[in-house]
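Topology and contacts: notes
Chain by chain, the residues run as shown.
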Amino acid sequence: MSISFDILNRAFTYYCPPRTVFGINSISRLPDELNKFKFERALLVSGPKVSKTKEYLLVRDRVSSTGANVSEFTMVESEPEISVLNPLAGFVRRLQPEIVIGIGGGSSMDFSKLASVLSVNEKEPASYFRGEPVSKKGPPIVTIPTLAGTGSEVTPISVVVDNGVKLALANHALYPSVTIVDPSISCGASPAATASAGIDALCHALESIMSVDSNPVSDSLSLTALGLVCSYLERAYCNGSDLEARTGVSAASVLAGMAFQATGLCLPHGIAYTYATRCSMPHGSSVSLAEPYVVAFNAPAIPGKIRMIASAIGVDASGLSPTEVGFEVASKIFDMTETLALPQTLEDLGIDESELESMVEDLLRNHYRFVTKNPRKPSREELLDLYMDMHEGL
Ligand SMILES: [Fe+2]
């Protein structure tokens, strides 16, 4: 694979602090990792379903074994509403935890970061999603994913839903200090959850490479993540107890998360935000629907990168134009989403053509930050064409 000088010809900084403890049975190292911190009050943050699993109880036992007082906040559903911030803030401002451990999928880990920040920052909780500065760093955050793909275990980002609009908070105070990624914990995830979360890692890797802020470090992480998802996600979906496959997808999640937390994400995530909540879809499957269409749209603007992507996912690009390579890459993504039983068109979601213009408006009004990261800046007309393609299929 040849690497274009374009990506080396820009200055960049790279910062990715979480200490990552990775591997099968790495959860056994939790007490040792916790004992590196000084604390008497620990808080576990999770969701109502995860908090009843044996994996959660195992983690709770291991945290208790440190001798700390353990409290629990288990109200975090997937795609959490902004209203959950108030009970969380009230709880952590009284408790004043000295360490916060998030266990679950992306939302539980996101809320563990918010628990830390809200315990020491006193303003109205939702205000931090509307520009209020986070002035203080809270207690250390430990993340333990039970589902691989979101990358939340390593990113300084939290997402909430406010009146159907997804709002994100990205701040250095949200960086986890440690993440323990034990692929065996993800063996309990259902095929549908495995597919939706795992494909999110593929989308993070693709969008990090396509981002105007990509750099050699993020590209290296993303290219490896792409290869891992292509090798292992369909296996993990077909056989949840395939530990080798679970390990591959878990590694892809971490690597893609480390990449996109530095580069940002581009158009597919922005587009997905315009229908995910109105269709109550899991995050990953909403993004994977948009991904191949945007890859094909972007390909002419990223001739070097689209070849790197093709090479990483096993697409033969020899003799093809960038546009043709884009279609081949898109076709490979469609093959994967078909195997994973993920939706491929907006029509599959029951969205009517008459709704598309309002989605373009929503994208431009509420999610423009994703457009700014995109290598090809679409006009309003081009966006509508893109949505029409997504409605009918390529
Ligand atoms: Fe995502």
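Keep in mind that what you see is a predicted model, and the values were worked out from it rather than measured. (Residues numbered from 1 in each chain as written. Predicted model: local features only at pLDDT ≥ 70, side-chain atom pairs only at ≥ 80, totals over all residues.)

Points about the overall build of the protein
When you go through the protein residue by residue, the secondary structure sums to 14 helices and eight strands. Relative to the globule expectation of 21 Å for 394 residues, the C-alpha radius of gyration of the protein, 20 Å, shows essentially globular dimensions. A principal-axis box enclosing the C-alpha atoms of the protein has dimensions of 65 × 45 × 40 Å. Taking contacts inside the protein between residues at least 6 apart in sequence as the whole, the part at least 24 apart equals 78%. (Helix = DSSP H or I, 4+ residues; strand = E, 2+ residues; numbered from the N terminus. Rg over C-alpha atoms; globule rule 2.2 N^0.38 Å. Contact = placed C-beta atoms within 7 Å.)

Side note on the pairing of strand 4 (residues 99-104)
Extensive coverage of strand 4 is indicated by the burial of six of its six residues. Residues Ile99, Ile101 and Ile103 point to one face of strand 4 and Val100, Gly102 and Gly104 to the other, with burial holding for every one of them. Here strand 2 (residues 41-45) runs beside strand 4; their pairing, made up of four bridges, is parallel. Counted as the bridge partner of Val45 is Gly102 from strand 4. With five bridges joining them, strand 4 and strand 5 (residues 141-145) adopt parallel strand pairing. (Buried ≥ 20, exposed ≤ 12 C-beta atoms within 10 Å, placed from the backbone. Pairing = 2+ DSSP bridges.)

With respect to the sheet that holds strand 5
If you trace the six strands from one edge of the open sheet to the other, you get 1-8-5-4-2-3, paired in parallel fashion. Strands with a single pairing partner mark the edges of an open sheet, and in this sheet they are strand 1 (19-22) and strand 3 (69-73). Each strand of the sheet is rotated relative to its neighbour by a mean of 20°, with strand direction disregarded. The pairing of strand 1 with strand 8 (residues 178-181) spans four bridges and is parallel. Across the sheet, Val21 pairs through a bridge with Ile180, a residue of strand 8. Relative to strand 4, helix 4 (residues 106-120) is tilted by about 165°, and along the sheet it contacts strand 2, strand 3, strand 4 and strand 5. (Axes fitted to C-alpha atoms, helices over the stretch in contact; angles between N-to-C directions.)

Structural notes on helix 3 (residues 85-95)
For helix 3, the complete set of buried residues consists of Leu85, Leu88, Ala89 and Val92. For helix 3, the buried positions fall inside an angular range of 95° around the axis, keeping them on one side. Away from its buried face by more than 90 degrees, helix 3 exposes Pro87, Gly90 and Arg94. Tucked inside the fold, the buried residues of helix 3 contact strand 2, strand 3, helix 4 and strand 6 (157-162). At the exit of helix 3 stands Gln96, carrying a positive phi of roughly 50°. (Arc of directions from axis to C-beta.)

Examining the domain arrangement of the protein
The domain boundaries assigned to the protein delineate domain 1 (5-11 + 191-392) and domain 2 (26-181). Placing the centre of domain 1 and that of domain 2 at their C-alpha centroids yields a distance of 27 Å. The interface is formed by 22 residues belonging to domain 1 together with 19 residues belonging to domain 2. Only helix 5 (191-210) and helix 7 (243-263) provide two or more residues apiece to the side of domain 1 that touches domain 2. Tallying contributions element by element places helix 7 first for the side of domain 1 that touches domain 2, with nine residues. Tallied by class, the residues present in the side of domain 1 that touches domain 2 amount to eleven nonpolar, nine polar and two charged. (Domains from an automatic or database assignment. Nonpolar A, V, L, I, M, F, W, Y, C, P; charged D, E, K, R; others polar.)

Examining the packing of helix 3 against helix 4
Close contact between helix 3 and helix 4 brings their axes to 8 Å; oriented N to C, the two are set at 55°. With respect to each other, helix 3 and helix 4 are oriented oblique. Judged by the sense of rotation from one axis to the other, the crossing of helix 3 with helix 4 is right-handed. Each of Leu85, Leu88, Ala89, Val92 and Arg93 in helix 3 lies in contact with helix 4, whose residues at this interface are Phe111, Leu114, Ala115, Leu118 and Ser119. Residues of the contact of helix 3 with helix 4, tallied by class, amount to eight nonpolar, one polar and one charged. (Parallel < 35°, antiparallel > 145°, perpendicular 65-115°, else oblique. Left-handed = near helix turned anticlockwise from the far one by under 90°.)

Quick notes on the environment of Ser222
Within the fold, Ser222 resides in helix 6 (residues 216-238). We classify Ser222 as buried; it has 31 C-beta atoms within 10 Å. Taking the C-alpha atoms as reference points, Ser222 and Ala197, separated by 25 residues in sequence, lie 16 Å from one another. Leave out the neighbours within four places in its chain, and Ser222 touches Ala205, Ser208, Ile209, Ala256 and Ala259.

As for the nonpolar core
In this structure, Ala115, Ala225, Val229, Val249 and Ile309 are the most contacted members of the largest nonpolar core, which totals 117 residues. Setting aside residues no more than four positions away along its own chain, Ile309 makes contact with Leu206, Ile209, Leu226 and Val329. (Core = buried A, V, L, I, M, F, W, Y, C linked by C-beta atoms within 7 Å.)

Overview of helix 9 (residues 283-298)
End to end, helix 9 covers 22 Å across 16 residues, agreeing with the expected 22 Å (1.5 Å per residue, within 8%). For helix 9, the tally of buried residues reaches 16 of 16 residues, placing the bulk of the element in the interior. (Expected span 1.5 Å × (residues − 1).)

Section: the environment of Arg19
Along the chain, Arg19 turns up in strand 1. Owing to 12 C-beta atoms within 10 Å, Arg19 belongs among the exposed residues under this scheme. Residues Arg19 and Tyr273, 254 residues apart in the sequence, show an inter-C-alpha distance of 30 Å. For Arg19, the residues in contact, after removing those within four places along its chain, are Ser177 and Val178.

Focus: the environment of Val100
Note that Val100 resides in strand 4. Given 31 C-beta atoms within 10 Å, Val100 falls into the buried group. In this structure, the C-alpha to C-alpha distance between Val100 and Lys137, residues 37 residues apart in sequence, is 13 Å. Those residues in contact with Val100 that lie beyond four places of it in its chain are Leu43, Val45, Ser112, Ala115, Ser116, Pro139 and Ile141.

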